Every structure is written in structure tokens, then in C-alpha cells.
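Residue-level structural notes
Listed below, chain by chain, are the residues.
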Amino acid sequence: MPARPPLSSLPRTLTRWFLTSARELPWRTNLNAPADHRRDPYRTLVSELMLQQTQVSRVIDKFNDFLTAFPTPASLAAAPESRILALWSGLGYYRRAKLLYAAAKAILRDHDGRIPDTVEELLTLPGIGPYTAGAIASLAYGKPVPIVDGNIARVLFRIHGRDATHADPRDMKWAWDQAAQLVNSAAHAKVAVGGVGVGDLNEALMELGATICTPTSPRCNCCPIRSHCIANATARQHQIPRPKRPITRRELFCDTVLARSPDDKLLIEHRPSTGMWANLWQAPTLEDPTAAKPATRCRLEHWLNLKPLTLIERFTHQTTHRTVHFTIWKAARPTPTSAHQSPTRQWATREQISELALSNPQRRILLELSR
DNA sequence: AAGCCGTGGGT
DNA sequence: TACCCAAGGCT
């Protein structure tokens, strides 16, 4: 077996691979610019928030729409929150939209509309934790700071052949230390002579994890740093990292009523500002956390003061922590009377509804099942 | 500090 | 199919 090359040569090998084979993504704008101006900080901020726990393929269209609507931090900070949430529809983890909005306001108020360039300042902004702060500082500003996300942790565990898991804080601490060592060696070696910066090393590590060093079936034969990798040398790439312990999903029953008025409007209501799908809109939904089965027709008719109701569809919707059983009911020719009104309930056209913030199941209910 | 927060790609 | 888990952060 050939000896592994010194780890000090890894940053150069990796960044060279990255600069020649990186995917073209809308937030990677100036790959030919100097290393500390390669990315626009605002585009980096928005993309990093959208990319938290979310795959690249899910983000691209949302990112483009979002930047068309809010091209600058000032335009974002000045927008109504409802519009921001609407543009986030379908992305999931909707709290991120609210936090990004709060961050934009703080950037206008405390930083003169400029995205901060230090980890310390970035960490004070809502929605920005250790990973995102380091990502903005290094990717957008070329600062020599480490970052560790799920990808980079996996890559580092495998390179070093460490029997580790993302769930163990000690393993993650170790990964941050390793990432810092790599960044320091790259900064000292002044990889930047060729216009390559520490940001490129960080992004290269992520790109490798996302495209080559994937969780299951890594493509080791395409890997530019295969010769550095202990997991590959010992054929343990499939065992590293160890799987997280499985989560148990709670069941939730949602009974949703589709009510269409004679003038072709649908009844909608606003969800509370906490919990799942916070602040999103939905067709009136009875959600009983203690129920083990759908509500009875009688209870629903009484609840909304609408009858008769007919059952038109059932489906389940999975989230990370829940299995949501939807039962969809249709109200026969309701008239928009005060009986159905409440502070959070109103009638709206399909066109209006299509512009609102909706969860994916409610989008299906209100815009597809209602046809 | 463990649970919570969405959705769909990949296998 | 069912299950893992993704450019995490907040409470």
C-alpha cells in the first residue's frame, strides 16, 4: 500500500479540484474574482440560511425568486414579514425566514446595511450560529476561520478514519479542531498565491461531502483526496460515521375543512406564531394533539358551524418528528356569514391564496384538492 | 441540553 | 418500502 501524502498537501489538492469542478450555483457568482471578493456577502447570507438542513437542489429556485424580490438587505428589512414567509413556502423550517428577516433589520440598524465580516459580529445576528457565521466570514470575506457542517464532519471523520458520529459533541469538537488545523495550515502555506483562499478550502470540503464523499455509497474512485483517506485505505468508508440514533415520530391528526363560498372564495385561517408551520395559512383545521384518530363529522360540523360536511380525501404527511394524518372534508355551499368569521379566519380567492405562506400539505389542499 | 422545526432526494 | 439525513439554530 502506498504511503499517504502529507496532510499539508491536502488543501492545495482539494481547492484545485474545487475550482475546476465546482457546480455552478446562483450564490457562487464571481469564481474568477480575488479570493476575498469571490462572493457577494448578502447572497451568501441568504443562501446559507436557506441551505441549513436543506439540499442544494431544493434551494436554487427559491433563492432566485427571493433575490429577485429582495435584492438588498435594505429591501429585505423593509418588506412585510408575510411576504418573506410566502417566498419561503415549501422550503421548510419556516423559522429561518423570520430569523433572516430579523437579521436583515439588525444589519440595517447596527451595521449600516453591510453584512458583518467577523465571526464575532455575525454570531450576534438571529439565525446565525457557529457554522453560518464561519461560512459567511470565510466564503464571502476570505477570513481564515474553520467551518464544520454535516458534510465536513463526515469528510474529516473518514479522512482520519475516526469511528465517530455527528450525535456526539466530543466528535464534533474534534472535527472543529481538525477543520481549524486545516485552515491554519492553508493560511500559513499562503495558498492564496494562486488567488485561492481559505473560503475555497472550506467550500471544497463541503462540495466534496455533497458530491463525492456522500453518506451512503461514497464515490471513492472519483475522489481527489482518496490517497489521503484512512477510511478508504482500510475500507471503512461505509462504517464512518456511525448512524445517529433513530428518532421516533409522534402521530398527529388534522381534520381540514374546504369551504367554498358561492362567489368562489375559500375559507382560510392563520396558524399561531409558535410550533409547527408557525404563522402559515391553512384551510380551517382541527388539530387535536391528544387524538388518536380523526375527528367525528358531528364534532367538526359543530366546531366550524358548517354542515353538512363530506369526507373527500385522506393522506399522511411526514415530517422529521411527526406523522400527520390529514382528513379533508368539504362543506356544501356555505355562505360567508359571520358565523365562520373569527379574528384569524377569512375568505380569499385562489389567486390570493396562491400568494400566501402555505405548508406543502395545505398548498395541496387549498390549490389542488379545491379544484 | 435534548427536542423541535419541513421537505424531499437517495438508496 | 422505509429509512437516513441534508451548507443548523433555537429553546
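Quick note: structure is the one above.
Description of the structure in this document. Predicted model only: the values in this text are computed from it and were never measured.

A few words now on the protein's contact with DNA strand B. Among the 26 residues in the neighbourhood of DNA strand B, the closest are listed as Tyr93, Tyr94, Trp277, Thr320 and Asn360. Near-protein atoms of DNA strand B (within 4 Å) split between backbone and bases, with sugar and phosphate holding 62%. Residue assignment for the surface near DNA strand B shows that the elements contributing at least two residues are β5 (309-318) and α15 (360-369). Class assignment of the residues belonging to the surface near DNA strand B gives a composition of 6 nonpolar, 15 polar and 5 charged.

Counting 59 residues, the largest nonpolar core has Tyr42, Leu45, Phe66 and Trp88 as its most contacted members. It is helix α6 (residues 95-110) that provides the largest number of residues to this core, a total of 7 residues. When sequence neighbours within four positions are dropped, the list of residues in contact with Phe66 reads Tyr42, Val46, Met50, Leu76, Ile84, Leu87, Trp88 and Leu100.

Before going further, it helps to spend a moment on empty space enclosed by the protein. Enumeration according to the criterion identifies 3 cavities of 30 Å³ or more in this entry. Approximately 110 Å³ is the volume attributed to the largest cavity. In terms of residue class, the lining of the largest cavity is built from 10 nonpolar, 2 polar and 2 charged.

What follows concerns the packing of helix α5 (residues 81-88) against α6. Axis separation between α5 and α6 bottoms out at 9 Å; the angle between their running directions is 135°. The pairing of α5 with α6 is recorded here as oblique in orientation. As α5 runs across α6, the sense of the crossing is right-handed. Side by side, α5 and α6 meet where Glu81, Ile84, Leu85 and Trp88 of the first sit next to Arg96, Ala97, Lys98, Leu100 and Tyr101 of the second.

What follows deals with the protein's contact with DNA strand C. Taken together, 28 residues lie around DNA strand C, and Leu51, Arg95, Thr132, Asp149 and Asn151 are the ones closest in. Close to the protein, within 4 Å, the atoms of DNA strand C belong to sugar or phosphate groups at a rate of 61%. Here a phosphate oxygen of DNA strand C and a backbone polar atom of Gly129 are 2.8 Å apart. One of the side-chain N or O atoms of Arg154 is found 3.1 Å from a phosphate oxygen in DNA strand C. Every element with two or more residues in the surface near DNA strand C is listed here: α2 (41-51), α6, α8 (130-140), α9 (150-159) and α11 (198-211). Of the residues that constitute the surface near DNA strand C, the class distribution is 13 nonpolar, 8 polar and 7 charged.

Cut-offs used in this document
- Per chain, residues are indexed from 1 in the order of the written sequence.
- For this description, chains carry letters from A and ligands carry numbers from 1, given in the order in which they are written.
- Totals for whole chains, interfaces and linings use all residues, but because this is a predicted model, local features are given only for residues with pLDDT of at least 70 and pairs of side-chain atoms are given and counted only at 80 or more.
- Side-chain measures here rest on the full set of heavy atoms in the structure, leaving out hydrogens and waters.
- Definition of nearness: a residue and a molecule or strand are near each other if at least one heavy atom of the residue lies within 4 Å of the molecule or strand.
- Every helix listed is a DSSP run of H or I at least four residues long, and every strand listed is a run of E at least two residues long, numbered separately from the N terminus.
- Put simply, Ala, Val, Leu, Ile, Met, Phe, Trp, Tyr, Cys and Pro go in the nonpolar bin, Asp, Glu, Lys and Arg in the charged bin, and everything else, Gly too, in the polar bin.
- Nonpolar cores are built from buried Ala, Val, Leu, Ile, Met, Phe, Trp, Tyr and Cys residues. Side-chain atoms within 4.5 Å join them into one set.
- Residue exposure (1.4 Å probe, protein chains only): buried if accessible area is under 20% of the type maximum, exposed if over 50%, otherwise partly exposed.
- In what follows, a contact means two residues having at least one pair of non-hydrogen atoms within 4.5 Å.
- Only protein atoms enter the calculation, which uses a 1 Å grid: trapped sets of points that fit a 1.4 Å probe without letting it out are cavities, open sets showing protein on both sides within 12 Å along at least five of seven lines are pockets, and any residue with an atom within 4 Å of a point is a lining residue.
- Grid points are joined across faces, edges and corners, and a volume is the space filled by probe spheres set on the points.
- Every axis corresponds to a line fitted to the C-alpha atoms, with the helix fit spanning only the stretch in contact, and the corresponding angles, defined between N-to-C directions, vary from 0 to 180 degrees.
- Just so you know how the angles are binned, under 35 degrees is roughly parallel, over 145 roughly antiparallel, 65 to 115 roughly perpendicular, and the rest oblique.
- Left-handed describes a crossing in which the near helix is turned anticlockwise from the far one by less than a right angle; the clockwise case is right-handed.
- N or O atoms within 3.5 Å of each other form a polar contact, as long as, within protein, one can give a hydrogen and the other can take it, and as long as residues adjacent in sequence are counted only when both atoms are side-chain atoms.

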